[in-house]
Amino acid sequence: MKSGLSTSAPQGRSIAQFIAARGLWVSIAVSAVFANLTGDWIVLPGMLAMWSFWRFLPTDEGPPGLQFSFSFHLFQILAGVFYFGVTQRPLMGHQAPQYHLMMVYATISLVMLFLGFLAGNKIMSGRRPPIEQLQFRVSLKQLMAAYVMAMLSRDLLTLFSDRFFVLTQPILAISALQMGVLYLLFRRLFQEQQFLLVLVILMFETARGFTGFYASFKEPIILALIAAVEILKPRRVGHWVVIGSLIGAVIFSSVIWLGIRGAIREDMVTNAARTPGDRLAFATRELGYWWNRDWDNKLFDVDALANRVWEIYYTALVLDRVPSVLPHEEGALIGGALRHIVSPRFLFPDKKDLPSESEDVRKYSGVYVAGREQRTTIAFGTVAQSYVDFGVPWMFLPPLALGVFLGLAYRWFVTQIHFEEILLALLAVAFWSNLMPYNIAWAKLMGKLLTSMIYVGGLAVIFDHLLYASRRREAGSVVGQVR
């Protein structure tokens, strides 16, 4: 039995080590360029924080998933600065009088989450010694079969979700499991350099995403990007081409989605009986119409994507109304979120849904935005909720506490699960994917975290221990035969 993680782990660490060694001066240079282009100094501490993620976050799981997740989260906070610096096109966020201050608060909140994570990980490291790490030896066919089974199970449960609300948690758990298996599948394909099959799966997931109400195609591309980063060798140009292609794919598909999603959603509402094939044909026709638009209209959709990534406008308006117009809520928002997530629907079938985040945006930003009446919601994330609840400086305590919890949980799972593939699937769905979003509410964030940790994490630990016990028995049997 081998110690350490897989043979690919040093490759995963190589990119983190590369950035840690050379990223400081690159961060300073990038900061100087964009500060000069935009006159916004926030980019300097932001880029230094991003370098710190790659320098100090643990890499013992192999893929730099934590570093990527924290960096992507920070990029969403700073996206408006980068976009304006490159295009000189102002975004909606620039219209908020205190957008810069909200960026500062959001960056500090993320840094507090980062410091809390390091503290929790350090505390648990002293209490949990390292364990033997093994290969699961799962075949590519088995991974493919598990991915298809999880996808079909989720689709089947979704058909009945409108009538049986108790299925909400199982659907979330199976969705998380599907994403974990999909990441393992991408990881294996990249290690074996089967790029064509990666492309086929991504095209399939993108097609599925364009037949739904929401942009579900982004997560698979991001998982593929993390898997690609693990095998990245900084001195190989071809590897950078793969990384750039995946980044370009998620940007390009997101721009198209924003350009045609209105027509797709209207068609779904008015033609509910359409088959998936009909919906895909409709989306393809809309794509053709979009492609034939003039360049100015396409640039409008690019601006829309930048606004979607840099969701700072409504949260920045909160600073103008709280506490000058509305008082701080003294923990009511976060308290309500905690009460909601500790009351699972299968135990409390009559539990009411949380109010739409759009209602919070309307109340605290003073802007009447689209809501459930239009089958949508405008995000009101953790930073804004923490500010509304506590103000400065106490608003930074919740992300710090969450970071400590995540650091403790991360190290516990790393020192509890023996098999690399099981561990990485869990980390992908329980940690990496949940740390990426910036503008997500406390209830959604904690709900996804606990669902993935309890359902997927619990199943992972049980399955891992059963498999490990079986492997030990096999090893003992072989030793007995040799004697």
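The model shown is predicted, which means the values in this text are computed figures rather than measured ones. (Residues numbered from 1 in each chain as written. Predicted model: local features only at pLDDT ≥ 70, side-chain atom pairs only at ≥ 80, totals over all residues. Heavy atoms only, no water.)

1. Focus on the overall build of the protein chain
This is how the line gets drawn: Segments assigned H or I by DSSP are reported as helices when at least four residues long, segments assigned E as strands when at least two residues long, and all are numbered from the N terminus. Only C-alpha atoms enter the radius of gyration; for comparison, a globular chain is expected to reach 2.2 Å times N to the power 0.38, where N is the number of residues. The classification of residues rests on relative accessible area computed with a 1.4 Å probe and restricted to protein chains. Under 20% of the type maximum is buried, over 50% is exposed, and intermediate values are partly exposed. Whether two residues touch is decided by their heavy atoms; if any such pair falls within 4.5 Å, the residues are in contact.
Looking only at helices and strands, the protein chain features 18 helices and zero strands. The globule rule puts the C-alpha radius of gyration for 483 residues at 23 Å, and the 23 Å found for the protein chain is close to it. Dimensions of the protein chain, computed from the C-alpha atoms along their principal axes, are close to 80 × 55 × 50 Å. Taken over 483 residues, the protein chain has a buried fraction of 51%. At a minimum sequence separation of 6, the contacts of the protein chain that also span at least 24 residues come to 76%.

2. Details of the environment of A272
Mapping A272 onto the fold places it in the loop between helix 9 (237-270) and helix 10 (276-291). Its relative accessible area of 60% is what places A272 among the exposed residues. Ignoring anything within four residues of it in the chain, the contact list for A272 reads D267 and R279.

3. Section: the nonpolar core
Spelled out, the test is: As used here, the term nonpolar core means buried Ala, Val, Leu, Ile, Met, Phe, Trp, Tyr and Cys residues forming a set that is joined through side-chain atoms within 4.5 Å.
Ranked by internal contacts, the top residues of the largest apolar core, which has 139 residues, are F186 and F431. Of the residues forming this core, the biggest block, twelve residues, is contributed by helix 17 (residues 420-435). Those residues within four positions of F186 in sequence are excluded, and the remaining contacts are V198, I201, L202, P220, L223, A224 and A227.

4. A few points about the packing of helix 13 (residues 332-341) against helix 15 (residues 382-390)
In a pair of packed helices, the angle between the axes and the distance between the axes together describe the arrangement. This is how it is decided: For every element, the axis is a line fit to its C-alpha atoms; helices are fit only across the contacting stretch, and the angle between N-to-C directions ranges from 0 to 180 degrees. Roughly parallel means an angle under 35 degrees; roughly antiparallel, over 145; roughly perpendicular, 65 to 115; everything else is oblique.
For the pair helix 13 and helix 15, interaxial distance at closest approach is 7 Å and the crossing angle is 120 degrees. It follows from the interaxial angle that helix 13 and helix 15 lie oblique. Along the contact surface, helix 13 presents A332, L333 and I334, while helix 15 presents Q385, S386, V388, D389 and F390.

5. A word on the packing of aromatic side chains
The geometry of an aromatic ring pair is captured by two quantities: the separation of the ring centres and the angle between the planes. Applicable threshold: The pairing test for Phe, Tyr and Trp rings, Trp by its six-membered ring, is centres within 6.5 Å, and the orientation test on the planes gives stacked under 30 degrees, edge-to-face over 60, and tilted for anything in between.
Under the definition given, this model contains 25 aromatic pairs. Centroid distance F53 to F114: 5.0 Å. Interplanar angle 65 degrees. Geometry classified as edge-to-face. Here F53 is found in helix 2 (residues 43-56), whereas its partner F114 is found in helix 4 (residues 99-125), with 61 residues between them in sequence. Its relative accessible area of 1% is what places F53 among the buried residues. Under the relative-accessibility criterion, F114 is labelled buried at 6%. Considering the side-chain rings of F70 and F117, the 6.2 Å spacing of their centres and the 75 degrees angle between planes classify their relative orientation as edge-to-face.

6. Some remarks on a nonpolar patch on the surface
Note the threshold: Patch membership needs two things, relative accessible area over 30% and no salt bridge, and members are linked within 9 Å if like-charged or within 5 Å if nonpolar (Val, Leu, Ile, Met, Phe, Trp, Tyr). Surface accessibility follows the Shrake-Rupley procedure with a 1.4 Å probe radius. Residue values consider only the protein chains on display as shielding. Criterion for a salt bridge: a side-chain nitrogen of Lys or Arg within 4 Å of a carboxyl oxygen of Asp or Glu.
Taken together, the side chains of L196, L199, V200 and M203 define a hydrophobic patch exposed on the protein surface, amounting to about 420 Å² of accessible area. By secondary structure assignment, the location of L199 is in helix 7 (residues 195-209). Accessibility expressed as a relative area gives 45% for L199, which makes it partly exposed.

7. Focus: the environment of K363
Mapping K363 onto the fold places it in helix 14 (residues 357-365). Residue K363 is classed as partly exposed on the basis of its relative accessible area of 41%. Linking K363 and R321, residues 42 residues apart in sequence, is a C-alpha distance of 9.3 Å. Not counting chain neighbours up to four residues away, the residues in contact with K363 comprise R321, L326 and E329.

8. Here's the deal with the environment of L91
Its place among the elements puts L91 in the loop between helix 3 (65-87) and helix 4. When the C-alpha positions of L91 and I312 are compared, they lie 10.0 Å apart, and in sequence the two are 221 residues distant. Dropping the residues within four chain positions of it, L91 is found in contact with G80, Y83, D303, A306, N307 and W310.

9. Here's the deal with the confidence of the model for the protein chain
The line we're drawing: pLDDT is a per-residue confidence score from the predictor, ranging from 0 to 100.
Taken residue by residue, the protein chain gives an average pLDDT of 86. The fraction at 70 or more is 90%. Confidence over residues 1-10 falls short of pLDDT 50; this stretch has 25 contacts with residues more than four positions distant or in other chains.

10. Focus on the pattern of salt bridges
Side-chain pairs of opposite charge can arise where the charged atoms are in close proximity. Summed over the entire model, instances satisfying the criterion amount to eight salt bridges. The salt bridge partner of E230 is R187, with a shortest N-O separation of 2.7 Å. Of the two residues, E230 sits in helix 8 (residues 218-231) while R187 sits in helix 6 (residues 168-191), which places them 43 residues apart along the sequence. The same class applies to E230 and to R187, which are both buried. We note a salt bridge from E357 to K444, for which the minimum N-O separation is 3.1 Å. Here the residue E357 occupies a position in helix 14, and K444 occupies one in helix 18 (residues 442-482), the gap between them amounting to 87 residues. By relative accessible area, which is 8% here, E357 ends up buried.

11. Quick look at empty space enclosed by the protein
So the rule is basically this: Cavities and pockets are defined on a 1 Å grid built over the protein atoms alone: a cavity is a set of grid points where a 1.4 Å probe fits but cannot escape, while a pocket is an open set with protein on both sides within 12 Å along at least five of seven lines, and lining residues are those with an atom within 4 Å of any such point. Grid points are joined across faces, edges and corners, and a volume is the space filled by probe spheres set on the points. Nonpolar residues are Ala, Val, Leu, Ile, Met, Phe, Trp, Tyr, Cys and Pro. Charged residues are Asp, Glu, Lys and Arg, and all others, Gly as well, are polar.
Enumeration according to the criterion identifies three cavities of 30 Å³ or more in this entry. Within this model, the largest cavity holds a volume of roughly 200 Å³. Surrounding the largest cavity, 18 residues form its lining, H73, L113, T382, P399 and L445 being those nearest its centre. Breaking the lining of the largest cavity down by element, the ones donating at least two residues are helix 4, helix 15, helix 16 (397-414), helix 17 and helix 18. The greatest single-element share of the lining of the largest cavity, amounting to four residues, is contributed by helix 4. Looking at the lining of the largest cavity residue by residue, the class counts come to 13 nonpolar, five polar and no charged.

12. Overview of helix 15
The element helix 15 is largely enclosed, with a buried count of eight among its nine residues. Regarding helix 15, the residues found buried are T382, V383, A384, Q385, S386, Y387, V388 and D389. Count one or two residues on from helix 15 and you reach G391, which has phi positive near 70 degrees.

13. What to know about unusual backbone geometry
Between V322 and the following residue, P323, the backbone shows a cis peptide bond with an omega angle of 5 degrees. You can see P323 is positioned in the loop between helix 12 (313-321) and helix 13. The omega angle of the peptide bond from V392 to P393 is 10 degrees, so this bond is cis rather than trans. Along the polypeptide, P393 turns up in the loop between helix 15 and helix 16. Not every positive phi belongs to a glycine, and Q88 is a case in point at roughly 60 degrees. Within the fold, Q88 resides in the loop between helix 3 and helix 4. Unusually for a residue other than glycine, E330 sits at a positive phi of about 55 degrees. Turning to its location among the elements, E330 is positioned in the loop between helix 12 and helix 13.

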